[in-house]
Amino acid sequence: MRSLFVLLSLLLLPEMAMAGGFESLGLTGTERGIYTVLIFIIAYGFVMTEEFTHLRKSKPVILAAGIIWANAAVLAAQAGVSVEDMHEAFEYNLKEYAELMLFLLVAMTYINSMAERNVFEALRSWLVRRQFGYRKLFLITGVITFFLSAVADNLTAALLVGAVVMAVGADNPKFVSIGFVNLVVAANAGGAFCPFGDITTLMVWQAEYAEFFDFFRLFIPSAVNYGVPAAVMYFAVPDEQPKVTDEAAVQLKPGAIQICVMFLLTIVTAVSFKQALHLPPFMGMMVGLSALMLYGYRLKTNYCIEGEEGFDVFNKVRHAEWDTLLFFFGVVFAVGGLGYIGYLELLSGAMYDGLGATTANILVGVISAIVDNIPVMFAVLNMNLDMDLYQWLLVTLTAGVGGSLLSVGSAAGVALMGQSDHKYTFFSHLKWTPAIAGGYIASIVAHYLING
C-alpha cells in the first residue's frame, strides 16, 4: 500500500510524456491535471465499494472518463495543440475499445447461448449427482474451473462451479469457504495462459506484444500458481461425504453440442484471422457471431415449441454483461485521458525506469489485488515500454493472478462473496493469502525457469 501511495504521489510531478505513439501534453503539474487524477481516484473508490453501495461499477468510471477528457481538451487548447492532434489521441482510445468490446461481446453471446441451452446447468447437475467426497470435489471443481476459465471469463467459470460447491456444501460452511477460495485462485490462474480467458491477456494479444501461442508458455506457471495454494488448502478440507441428494439430471436442449463446437471454431477463426490474414481477431469473432445467428434461425424454425419464444440470438446479445463492457469503456477512456495529459509516462518512469522491468511487473500483480487489473494493464500497455517477450508474459501472468491475493482483487472473488450467503468473506479469504502468495511467487519462479 505504501508503494502505491508513492507511485500516486509521483503523478503530481510535471514532465513531458509520450502515450500511444503520439506526444502527450506534459501538463501533469497543473491544477487541472491534478484535478483529473483526483476525479479518477474518487470514481475508482466507488468501484471498489460496489459490494456495499450496489452502484454498478460502470457508472462512476464513465462519468470520470467524460470529465477527464473534457479537462484534457481544455488543457490541449491552452497548450496550443491542434484539434486534429487532440482527436488523434482520442480516436486511439476509441479504436482500442471498439476492438476489445466487439471481441468480448461475441464471446459473451456464445457463453449466454450455451447457458440457455443448459450446457453449464447439465455439468453442474452431473457433478452434484456423482456424490463425490468433499476432498475429491475440492480437486475436481478447482481443475474444472482452471480449464473452463481459459475459454470463458473467470467470472463465469467461478459462478458456474460455485453453484456446485454451494449445492453439495449447503450444510458445511467450512467446505464452502475453502472451496470458494480454491475457485477464485483457479479461475484467475486459468485465465492467464489463454487470450480468451482474461481481458488483460486478451489486451496484450491484441496489442501484438505476443502471439497467440506464446501465451501457452504460461500454462505451467499458471498451473503452479493454482497448485501450490490448492495443495496447502487440501488438507484443511473436511474428509467427509456430503449428504445424499435427489438432484434430477438436466437434459441439454437441442443444438447445445453444436453451439459448443461453433464456439471452438469461432476461436479458431479469430486466431486464423490474426495469424494468417493479419486482421484484428474481433473480425474472426464477428464471423463466428454471424454463424451463430444463422444457426439460431434454424433452431428457432425447427425446434420452437408452440407458446414459447424459442432460441433468439439477439436475446443473448441483450443479456451480455453490459456493465462489464461499459466499465471497460470508462477505464479505457479515463486511463487514456490521464495518459494524454502525461501521467502514464510518469508512472512508467517511477516503476519501470526506477525499479526495473521485473520488479515493476511483479508489483503490477500486487497492485491488481487492490485495483482491478483492467486499468492497471491498460496503463502498462500505454506506457510504450520496451520489453522483451519474457517480460510481457511476466506482466500478463502477474496481472492475471495477482487478484487472487485478496477476495476483492477480482470479479470472481467479489461475485462469490455475494453468492456464498456469508460463508465466504474477505477475512476467510485473507486467512489463505500467505498460501496464495506462495503460489504467486512460485509461478514467477516457474516462469523464470521455463521461459527466462
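Where an unreviewed UniProt entry is consulted, the protein chain appears under the name Citrate transporter, with the organism given as Methylobacter tundripaludum. Comment text from UniProt for the protein chain, heading Subcellular location (unreviewed entry), reads "Membrane". Listed under Sequence similarities (unreviewed entry) in UniProt, the entry text for the protein chain is "Belongs to the NhaD Na(+)/H(+) (TC 2.A.62) antiporter family."

It is worth spelling out the overall build of the protein chain at this point. Within the protein chain one finds 22 helices and two strands. Rg of the C-alpha trace for the protein chain: 22 Å, near the compact-globule value of 22 Å for 452 residues, within the 12% margin. With the principal axes as the frame, the protein chain shows a C-alpha extent of 70 × 50 × 45 Å. Looking at the protein chain residue by residue over its 452 residues, the buried ones come to 55%. Contacts in the protein chain between residues at least 24 apart in sequence constitute 79% of all its contacts with a sequence separation of at least 6. Accessible surface computed for the protein chain: about 19,200 Å², of which carbon and sulfur atoms make up 65%.

Below, the discussion takes up the pattern of salt bridges. This model, assessed by the stated rule, comprises six salt bridges. Here aspartate 323 and lysine 57 are joined by a salt bridge, their closest N and O atoms 3.2 Å apart. With aspartate 323 in helix 15 (residues 322–341) and lysine 57 in the loop between helix 3 (50–53) and helix 4 (58–78), this residue pair connects regions lying 266 residues apart in the sequence. The class for lysine 57 is buried, based on a relative accessible area of 17%. Close ionic contact of glutamate 208 with lysine 274 constitutes a salt bridge, the shortest N to O distance being 3.7 Å. Residue glutamate 208 is located in the loop between helix 10 (199–206) and helix 11 (219–234), and its partner lysine 274 is located in helix 12 (residues 256–275); the two are separated by 66 residues in the primary sequence. Overlapping salt bridges bring together Glu116, Arg117 and Lys253 as one network.

Before going further, it helps to spend a moment on the packing of aromatic side chains. Per the stated rule, a full pass over the model turns up 30 aromatic pairs. Ring centres 5.9 Å apart and planes at 35 degrees place the aromatic pair phenylalanine 40 and tyrosine 44 in the tilted group. A residue pair is termed a helical-turn pair when its members lie 3 or 4 positions apart in one helix, as phenylalanine 40 and tyrosine 44 do in helix 2 (residues 31–48) at four residues. On the accessibility criterion, phenylalanine 40 (17% relative accessible area) is buried. Ring geometry for tryptophan 69 versus tyrosine 340: centroids 5.6 Å apart, planes at 20 degrees, classification stacked. One end of the pair, tryptophan 69, is in helix 4; the other, tyrosine 340, is in helix 15, with 271 residues separating them in the sequence.

Note on helix geometry: an α-helix contains 3.6 residues per turn, so any two residues three or four positions apart are oriented the same way. Between its first and last C-alpha, helix 12 extends 29 Å over 20 residues, near the 28 Å set by a 1.5 Å rise per residue. Listed as buried for helix 12 are Ala256, Ile259, Met262, Phe263, Thr266, Ile267, Ala270, Val271, Phe273 and Lys274.

Here we take up the state of the cysteines. Considering all chains together, one arrives at zero disulfides under this definition. Sulfur of cysteine 260: no disulfide; nearest cysteine sulfur belongs to cysteine 194 and is 16 Å away. Under the relative-accessibility criterion, cysteine 260 is labelled partly exposed at 21%.

For the rest of this paragraph, the subject is the nonpolar core. Core analysis: the largest hydrophobic core is formed by 146 residues, its most contacted members being Phe196 and Tyr352. For this core, the element with the highest residue contribution is helix 5 (residues 83–116), accounting for 14 residues. What tyrosine 352 contacts, discounting residues up to four positions off in sequence, is Leu347, Ala357, Ala360, Asn361, Val364, Val380, Met383, Leu385, Met387 and Val395.

Cut-offs and rules
- Numbering of residues starts from 1 in every chain and runs along the sequence as written.
- Local features in this predicted model are restricted to residues whose pLDDT is 70 or higher, and side-chain atom pairs enter the listing and the counts only when it is 80 or higher, whereas totals over whole chains, interfaces and linings include all residues.
- Excluded from the side-chain calculation are hydrogens and water; included are all heavy atoms of the structure.
- UniProt positions are given in the numbering used here, feature names are shortened, and annotations may be inferred rather than shown by experiment.
- Each helix is a run of H or I in the DSSP string that is no shorter than four residues. Each strand is a run of E no shorter than two, and both are numbered from the N terminus.
- The globule rule used here is 2.2 Å times the number of residues to the 0.38 power, and the radius of gyration it is set against is calculated over C-alpha atoms.
- Think of it in three bands: with a 1.4 Å probe and only protein chains considered, a residue is buried below 20% of the maximum accessible area for its type, exposed above 50%, and partly exposed in between.
- Any two residues whose heavy atoms approach within 4.5 Å are treated as being in contact.
- All accessibility values rest on the Shrake-Rupley procedure with a 1.4 Å probe; residue burial counts only the protein chains present in the view.
- Salt bridge, as applied in this entry: a Lys or Arg side-chain nitrogen positioned within 4 Å of an Asp or Glu carboxyl oxygen.
- Only Phe, Tyr and Trp rings are paired, with Trp represented by its six-membered ring, and only when their centres lie within 6.5 Å; those with planes under 30 degrees apart are stacked, over 60 edge-to-face, the remainder tilted.
- How far a helix is expected to stretch is found by multiplying one less than its residue total by 1.5 Å.
- Disulfide: a pair of cysteine sulfur atoms within 2.5 Å of each other.
- Throughout, nonpolar core names a set of buried Ala, Val, Leu, Ile, Met, Phe, Trp, Tyr and Cys residues whose side chains join them through atoms within 4.5 Å.

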